[in-house]
Amino acid sequence: MARGQIHKFYLNNKYIVLDVNSGAVHMVDRMVYDVLDHYGDKSLEEIVSIFDGVYDKEALEEAYGEINYLVEEEMLYSPENDLGDLVYNQDNIVKAMCLHVAHDCNLKCAYCFASQGNFKGERTYMSLETGKKALEFLAKNSGNRRNLEVDFFGGEPLMNFQVVKDLVAYGRELDKKYNKNFRFTITTNGVLLDEDKIDFINENMDNVVLSLDGRREVNDRMRKTIRDGGSYDVILPKFKELVEKRGTKDYYIRGTFTNYNTDFSKDIRDFYDQGFKKVSVEPVVTPEEMDYALRSEHLDDVLREYEEFSKEYIKIRKKDKDFLFFHFMIDLNQGPCIVKRSVGCGAGSEYLAVTPEGDLYPCHQFVGEDDFRLGSLDTGIENKDLREVFKKANIYNKEECRSCWARYYCSGGCHANAYYAHKDLTKPYKLGCEMEKKRIECSISILANEDE
Amino acid sequence: MKYIKTLSGKNLRREDLAKIGCGECQTSCQSACKTSCTVGNQKCEQN
Ligand code: SF4
Ligand code: SF4
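Just so you know, these numbers come straight off a predicted model, no measurement behind them.

(A) Region of the structure containing the overall build of chain A. Secondary structure assignment for chain A yields 16 helices and 17 strands. Computed over C-alpha atoms, the radius of gyration of chain A comes to 24 Å, within 12% of the 22 Å expected from 2.2 N^0.38 for 452 residues, which places it in the range of a compact globule. By its C-alpha atoms, chain A is 75 × 50 × 45 Å across when sized along the principal axes. Counting across all 452 residues of chain A, residues that qualify as buried make up 61%. Taking contacts inside chain A between residues at least 6 apart in sequence as the whole, the part at least 24 apart equals 69%. Carbon and sulfur atoms make up 45% of the accessible area of chain A, which totals about 18,800 Å². Averaging the positions of the 62 positive and the 81 negative side-chain charges in chain A gives two centres separated by 5 Å.

(B) How the structure looks around the site of ligand 1. Residues and elements named next belong to chain A. Lining the immediate surroundings of ligand 1 are Glu400, Cys401, Cys404, Arg407, Cys410, Gly412, Gly413, Pro428 and Cys433. Every element with two or more residues in the shell around ligand 1 is listed here: helix 13 (399-402) and helix 14 (407-410). Of the residues contributing to the shell around ligand 1, the split by class is 5 nonpolar, 2 polar and 2 charged.

(C) Focus on the sheet that holds strand 3 (residues 25-28) of chain A. Read from one edge of the open sheet, 4 strands run 1(A)-2(A)-3(A)-1(B), paired in antiparallel fashion. The open sheet terminates on both sides in strands that have one partner only, identified here as strand 1 (6-11) of chain A together with strand 1 (4-8) of chain B. Recorded for the sheet is a direction-independent mean angle of 25° between the axes of neighbouring strands. In this sheet, strand 1 of chain B lies alongside strand 3 of chain A in antiparallel orientation, the contact comprising 4 bridges. Across the sheet, the residue bridging to Met27(A) is Lys5(B), located in strand 1 of chain B.

(D) Focus on unusual backbone geometry. Residue and element names in this part refer to chain A. Note that the residue after Gly154, namely Gly155, is joined by a cis bond; omega there is 10°. The residue Gly155 is located in the loop between strand 7 (147-154) and helix 5 (161-178) in this model. We note that Asn179 has phi near 55°; this positive angle belongs to a residue other than glycine.

(E) Fine view of a positive patch on the surface. All names here are of chain A. Together, Lys315, Lys318, Lys319 and Lys321 line one region of the surface with positive charge. Positionally, Lys321 belongs in the loop between helix 10 (299-319) and strand 13 (324-325). Exposure remark for Lys321: the relative accessible area of 49% places this residue in the partly exposed category.

(F) Fine view of the nonpolar core. Counting 122 residues, the largest nonpolar core has Leu99(A) and Phe152(A) as the members making the most contacts within it. Core analysis: the next-biggest nonpolar cluster, separate from the first, contains 27 residues, Val35(A), Phe51(A), Leu70(A) and Ile4(B) among them.

(G) Broad picture of helix 10 of chain A. All names here are of chain A. The terminal C-alpha atoms of helix 10 lie 31 Å apart, and with 21 residues this matches the ideal 30 Å at 1.5 Å per residue to within 8%. Listed as buried for helix 10 are Leu299, Val302, Leu303, Glu305, Tyr306, Phe309, Ser310, Tyr313, Ile314, Ile316 and Arg317. Its buried side turned inward, helix 10 meets strand 11 (252-257), helix 9 (265-273), strand 12 (278-283), strand 13 and helix 16 (430-450).

(H) Highlighting the confidence of the model for chain B. Summarising the model, chain B shows a mean pLDDT of 75, and 62% of its residues fall at 70 or more. Model confidence for the complex is summarised by a pTM of 0.94, with the ipTM given as 0.87.

(I) Spatial organisation of the interface of chain A and chain B. Across the contact, 78 residues belong to chain A and 41 residues belong to chain B. Together chain A and chain B conceal approximately 5,300 Å² of surface at their shared face, both sides included; 51% is due to carbon and sulfur atoms. By the criterion of area lost to chain B, the three top residues of chain A are Glu66(A), Phe326(A) and Lys340(A), representing 11% of everything that side buries. Across the chain A-chain B interface, the total number found is 2 salt bridges. Residues Glu62(A) and Lys2(B) are paired through a salt bridge, measuring 3.1 Å at the closest nitrogen-oxygen approach.

(J) Quick look at helix 6 (residues 195-204) of chain A. Here helix 6 of chain A has its buried residues at Lys197(A), Ile198(A), Phe200(A), Ile201(A), Asn202(A) and Asn204(A). Residues of helix 6 of chain A that are buried make contact with helix 5, strand 8 (181-188), strand 9 (207-211) and helix 8 (232-246) of chain A.

(K) Expanded view of the pattern of salt bridges. Residue and element names in this part refer to chain A. Enumeration over the complete set of coordinates arrives at 38 salt bridges over all chains. In this structure, the salt-bridge partner of Arg215 is Asp267, at a minimum N-O distance of 2.8 Å. Of this pair, Arg215 sits in the loop between strand 9 and helix 7 (216-222) while Asp267 is found in helix 9, placing the two residues 52 residues apart along the sequence. Residue Arg215 shares its accessibility class with Asp267, and that shared class is buried. As a salt-bridge pair, Lys437 and Glu434 come within 3.5 Å of each other at their nearest N and O atoms. Of the two residues, Lys437 and Glu434 are both situated in helix 16; the distance of 3 residues between them amounts to about one turn of the helix. Judged by its relative accessible area of 21%, Lys437 falls in the partly exposed class.

(L) Here's a closer look at the packing of aromatic side chains. Residue and element names in this part refer to chain A. Tallying each qualifying case throughout the model produces 28 aromatic pairs over all chains. Ring centres of Phe161 and Phe200 lie 5.6 Å apart, and the angle between their planes is 85°; on these two criteria the pair is classed as edge-to-face. Note that Phe161 is positioned in helix 5 and Phe200 in helix 6, a separation of 39 residues in sequence. Considered together, Phe161 and Phe200 belong to a single accessibility category, that of buried residues. For the pair Phe372 and Phe390, a centre-to-centre distance of 6.1 Å together with 80° between the ring planes defines the contact as edge-to-face. Taken together, the residues Phe372 in the loop between strand 15 (359-361) and strand 16 (375-376) and Phe390 in helix 12 (residues 384-392) connect sequence positions 18 residues apart. Each member of the pair, Phe372 as well as Phe390, carries the same accessibility label: buried.

Scoring rules and cut-offs
Residues numbered from 1 in each chain as written. Chains lettered and ligands numbered in written order. Predicted model: local features only at pLDDT ≥ 70, side-chain atom pairs only at ≥ 80, totals over all residues. Heavy atoms only, no water. Helix = DSSP H or I, 4+ residues; strand = E, 2+ residues; numbered from the N terminus. Rg over C-alpha atoms; globule rule 2.2 N^0.38 Å. Buried < 20%, exposed > 50% of the residue type's maximum accessible area, 1.4 Å probe, protein only. Contact = heavy atoms within 4.5 Å. Areas by Shrake-Rupley, 256 points an atom, 1.4 Å probe, with all protein chains shown as cover. Lys, Arg positive; Asp, Glu negative; His and termini not counted. Charge placed at Lys NZ, Arg CZ, Asp CG, Glu CD. Near = heavy atom within 4 Å. Nonpolar A, V, L, I, M, F, W, Y, C, P; charged D, E, K, R; others polar. Pairing = 2+ DSSP bridges. Axes fitted to C-alpha atoms, helices over the stretch in contact; angles between N-to-C directions. Patch = residues over 30% accessible without salt bridge, like charges linked within 9 Å, V, L, I, M, F, W, Y side chains within 5 Å. Salt bridge = Lys/Arg side-chain N within 4 Å of Asp/Glu carboxyl O. Core = buried A, V, L, I, M, F, W, Y, C linked by side-chain atoms within 4.5 Å. Expected span 1.5 Å × (residues − 1). pLDDT = per-residue confidence, 0-100. Buried area = accessible area lost by both parts, 1.4 Å probe. Phe/Tyr/Trp six-rings, centres within 6.5 Å; stacked < 30°, edge-to-face > 60°.

Shown next, in the form of structure tokens:
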């Protein structure tokens, strides 16, 4: 039988071996790490002679025995998972929605996928009626799923906040009527936050994503007010107030890094020093020709930065376990099941984005791309072929992913990244892959360090 | 074992195939990032 795949790496003073198919993760010593280079291809005798003078014979034999044991237990080189013919979401259940309640913005961030706050000239707001239709659509199309997710997104959702409030109330009614549990979240730039909105958000939103890019100069370069001023000083105090009042509920302060700040660990650090503990800083996604885009020439710097930051992260977390960097969080034992890890984000079938007009798109990143309109709240999904394309874009159908060691952690990457890079949902965005793999290695090395 | 310490067992091989794929867990992009999909760091709702 063909040997299953392993992946090994050394980082943050740990030798780590992942068994790709079973999900098992092992911390090993240097000797085992070296022996694995030959295991399976060479006999024990040959291995002993290869390492003659390097490792003790008896120790090698013992280690070899331990490896054998794990192989027998299917925790090393274990065979590929057999999911039969993975039929994903056969009933076309929808369980999450991104509501674009305002296609308008009061900032004009250079990299915004909502295009400079002006949405190609058109500023529109979702009506309460459309919003209600969306929630009903979700309740009715969610089959027996109980937990439903609704994110208020934009543009800037606080520009249509009364609708947000009314929709939360309406969701609570639907909870009862359909026996559901609506979980609301909101993504905001903070400009319009005041005490009332902060209290409402803290009371009603399961998660809130606060957009800010880190250090003042980094933020103000990309995140400008309508009058071209910096937005940092306007927003920071409001975010602080929100977070202070938020208690233990989830939030993320979320920044974007570009090639101007490949030293983004300083931005993460700055967030932490400002009192924010749950942080996400992510690579910008944009066509290569943009002056701030991340291109292959920036990759080495970015990967090094992740590694460097992982060292600092380990140090900080020794003192403060509340500090979380979204992309370094990984739960090896209670993570998602194999089905979830195979199919990924669910865009286009389980997850839909709704425009102010009530049109449906596979996700927020595709909104406004004419070819990706799936249908509308009134008609339902019309472009069923497109839905199939999304459903089939899983790790088994993407050539690169099929043989990639990271497939069950990454789940095949972001469809929007793939599309914008190659106009093809089945071709992963290379730069994204390299960053993702580095983040996974960092995350696991962090766990290994915290395991002591 | 002396040379190997297992941090996590066979977490992708769950005994009970009927129970996996229940679909109650979070949709990745909704949770925090909104631009890239990392599923490994999500939580299973059955735990
Ligand atoms: S890192 Fe890239 S190749 Fe690997 S699973 Fe993710 S998208 Fe696929
Ligand atoms: S396609 Fe990308 S941006 Fe859209 S939901 Fe999936 S991971 Fe998120």
